[in-house]
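Listed here are the chains, written in short residue letters.
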Amino acid sequence: MHTEREDMEQIEHPEYEFIEASGGITEYRHRENGLQVLLMEESSAPVVTLMVTYRVGSRNETPGLTGATHFLEHLMFKGSRKFNRENGRTVFTVLQNLGARVNATTWLDRTNYYELLPREHLSLAAEIEADRMRGALLSTEDVESERTVILNELDRGENEPIRKLYDSVWSTAFVEHPYHHPTIGWRPDVERMTAAGLRSFYDTFYWPNNATVSVIGDVGPNDALDVVSNQFGSIARAPHAFPDIDIEEPAQREERRVVVRRAGQLGAVMVAFKQPYAHHADTDALDVLSVLLSSGKTSRLHRCLTDRGLTTSVHCSSSSLRDPGLFYVLAPLSPDVEHAAVEREIVDELRTIQEDGVTASELSRAVSQIRAAEAFGRDGSFAVASQLNEAIAAGDWRLYTTALERYNRITVDDLQRVARLYCVPEASTVGYYVPEAGGEQVDVEPA
């Protein structure tokens, strides 16, 4: 897509090497420190989004340090050399006085920090992100204050049954790979986290050659590269190789089950199957299959579950991650409906696709829904940066720009084949949320 403009988008810059262009986005790399920069000029509004994506998430955490990525994300707002409480210039006060949207998120494969703000303040956003790339303070005092905040956040998650069911199914499905760990970490690790441990984690992963700066919005490529160069260009690349994750989840040979018991009103069922990593061609077919199954009121699972009063809603999703993840169906139950009945309906619907396939009209409708979602996903600089962020985390930003081309090549035979290959009992993990008055969960233990 957009290949006709790709040659025109290349510019010469003394500090950056042009790498390639795709889908209206151009990639450059700093010649000295290896920082990857993605640019897209979008002038529908006089704003710009600057997003820094670090290729570190809970996937990179080791036992005893689970939750370090998320803990560090909190501390990055507590102070850096130039922006801190002592000089009255915290990140939030400086940016929110400008009306900027500012925040950060942590997930399995990445951590990202971003600012959406008027275009004339792009340099300030870059200065803040460059300062905390290597200048975070990470004081013991701030670790202790944020520990309380994070433990409260962890407690809230424990009391959200659907979130707890989701985390428990992942933790049951993966026994060796770090996707076993919840992103927020295991409570004992969060309680024991130290400033020294977090400093070591920060010094391992927060370097320009482990990061991507995306600049999307009302700024030309030359100006954007100048701003990024002025703020990040003097930071040295990491003096070490980044530790790789060399843990392969053993093949699953039998069905697994987990039950979550919590106070509540309505139950829920989650049925999950192992699926390949984002770059694998079958993940595209599973993406389309998930839309066909649960997107919209004409989807198969909506008609067989929600329309018949068995569930209040139903959601199916395919995981596009750096390593193999889960393809899953999550269904909150209607009152007085048995978990087993809903599980049986989900499995039967998948078996029908395995035996009879899907129709061409179903496939066409699913791809059209994806195409519409893609169009909405390009509505504004922050939306584009956010989708790029997930593709970067999965290992290749072009997963975003080439997605529609790949989906258009999916056939009905592909959908039947992946349903047969991946949606099998021996690769499944089934979770029930069972509401009880004052109930306690059967916790999944840390690996």
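Our subject is the structure listed above.
Residues numbered from 1 in each chain as written. Predicted model: local features only at pLDDT ≥ 70, side-chain atom pairs only at ≥ 80, totals over all residues. Heavy atoms only, no water.

Student: Give me the overall build of the protein: which residues, what numbers.
Tutor: Along the backbone of the protein there are 17 helices and 12 strands. In summary, the protein has a C-alpha radius of gyration of 23 Å against a globular reference of 22 Å for 447 residues, a match within 12%. For the protein, buried positions account for 59% of its 447 residues. Within the protein, contacts between residues separated by at least 24 positions form 78% of all contacts whose residues are at least 6 apart in sequence. Here the protein has roughly 18,900 Å² of accessible surface; of this, 49% comes from carbon and sulfur atoms. In the protein, the 44 positive side-chain charges and the 69 negative ones have mean positions that sit 1 Å from each other. (Helix = DSSP H or I, 4+ residues; strand = E, 2+ residues; numbered from the N terminus. Rg over C-alpha atoms; globule rule 2.2 N^0.38 Å. Buried < 20%, exposed > 50% of the residue type's maximum accessible area, 1.4 Å probe, protein only. Contact = heavy atoms within 4.5 Å. Areas by Shrake-Rupley, 256 points an atom, 1.4 Å probe, with all protein chains shown as cover. Lys, Arg positive; Asp, Glu negative; His and termini not counted. Charge placed at Lys NZ, Arg CZ, Asp CG, Glu CD.)

Student: Can you break down the sheet that holds strand β9 (residues 268-275) residue by residue, with the values?
Tutor: In spatial order, the strands read β8-β12-β9-β11-β10; together these 5 strands make up an open sheet with mixed pairing. The strands lining the two open edges of the sheet, one partner per strand, are β8 (256-262) and β10 (315-318). Averaged over all pairs of adjacent strands, the angle between strand axes in this sheet comes to 15°, irrespective of strand direction. Bridge count between β8 and strand β12 (residues 428-435): 7 bridges; the pairing is parallel. (Pairing = 2+ DSSP bridges. Axes fitted to C-alpha atoms, helices over the stretch in contact; angles between N-to-C directions.)

Student: I'd like to hear about a negative patch on the surface, residue by residue, with values.
Tutor: Taken together, Glu15, Glu32, Glu41, Asp223 and Asp226 make up a surface patch of like negative charges. As for its position among the elements, Glu41 is in strand β3 (residues 36-41). (Patch = residues over 30% accessible without salt bridge, like charges linked within 9 Å, V, L, I, M, F, W, Y side chains within 5 Å. Salt bridge = Lys/Arg side-chain N within 4 Å of Asp/Glu carboxyl O.)

Student: Give me the packing of helix α12 (residues 339-356) against helix α17 (residues 412-422): which residues, what numbers.
Tutor: Geometry of a packed helix pair, given as the angle between the helix axes and the separation of the axes. Remark: α12 packs on α17, axes separated minimally by 8 Å, with the N-to-C direction vectors making an angle of 125°. Between α12 and α17, the interaxial angle falls into the category oblique. Of the two elements, α12 crosses α17, and the hand of that crossing is left-handed. On the side of α12, the interface is formed by Ile353, Gln354, Glu355 and Asp356, while α17 contributes Leu415, Gln416, Ala419 and Arg420. Its residues placed into classes, the contact of α12 with α17 shows 3 nonpolar, 2 polar and 3 charged. (Parallel < 35°, antiparallel > 145°, perpendicular 65-115°, else oblique. Left-handed = near helix turned anticlockwise from the far one by under 90°. Nonpolar A, V, L, I, M, F, W, Y, C, P; charged D, E, K, R; others polar.)

Student: Tell me about the nonpolar core, and please be specific about residues and values.
Tutor: By size, the foremost hydrophobic cluster in this structure holds 60 residues, and its most contacted members are Leu35, Tyr206, Val215 and Phe232. Setting aside residues up to four positions removed in sequence, Phe232 forms contacts with Asn33, Leu35, Val52, Ala126, Glu129, Ala130, Met133 and Val213. Phe327, Val329, Val342 and Val430 belong to the second-largest nonpolar core, a separate cluster that totals 42 residues. (Core = buried A, V, L, I, M, F, W, Y, C linked by side-chain atoms within 4.5 Å.)

Student: I'd love a proper account of the packing of helix α10 (residues 281-294) against α12, names of residues and values included.
Tutor: It is the contact of α10 with α12, at a shortest axis distance of 12 Å, that shows an interaxial angle of 125°. Of the possible angle classes, the one that applies to α10 and α12 is oblique. Where α10 crosses over α12, the two elements pack in a sense that is right-handed. Of the residues in α12, those touching α10 at Leu289, Leu292 and Leu293 are Glu349, Leu350 and Ile353. Considering only residue class, the contact of α10 with α12 consists of 5 nonpolar, no polar and 1 charged.

Student: Explain helix α2 (residues 68-75) residue by residue, including any values.
Tutor: Of all 8 residues in α2, 8 are buried; the element is thus mostly enclosed. If you check which residues of α2 are buried, you get Ala68, Thr69, His70, Phe71, Leu72, Glu73, His74 and Leu75. Buried residues in α2 make contact with β5 (101-106), β6 (111-118), α5 (140-158), α7 (187-192) and α8 (195-205).

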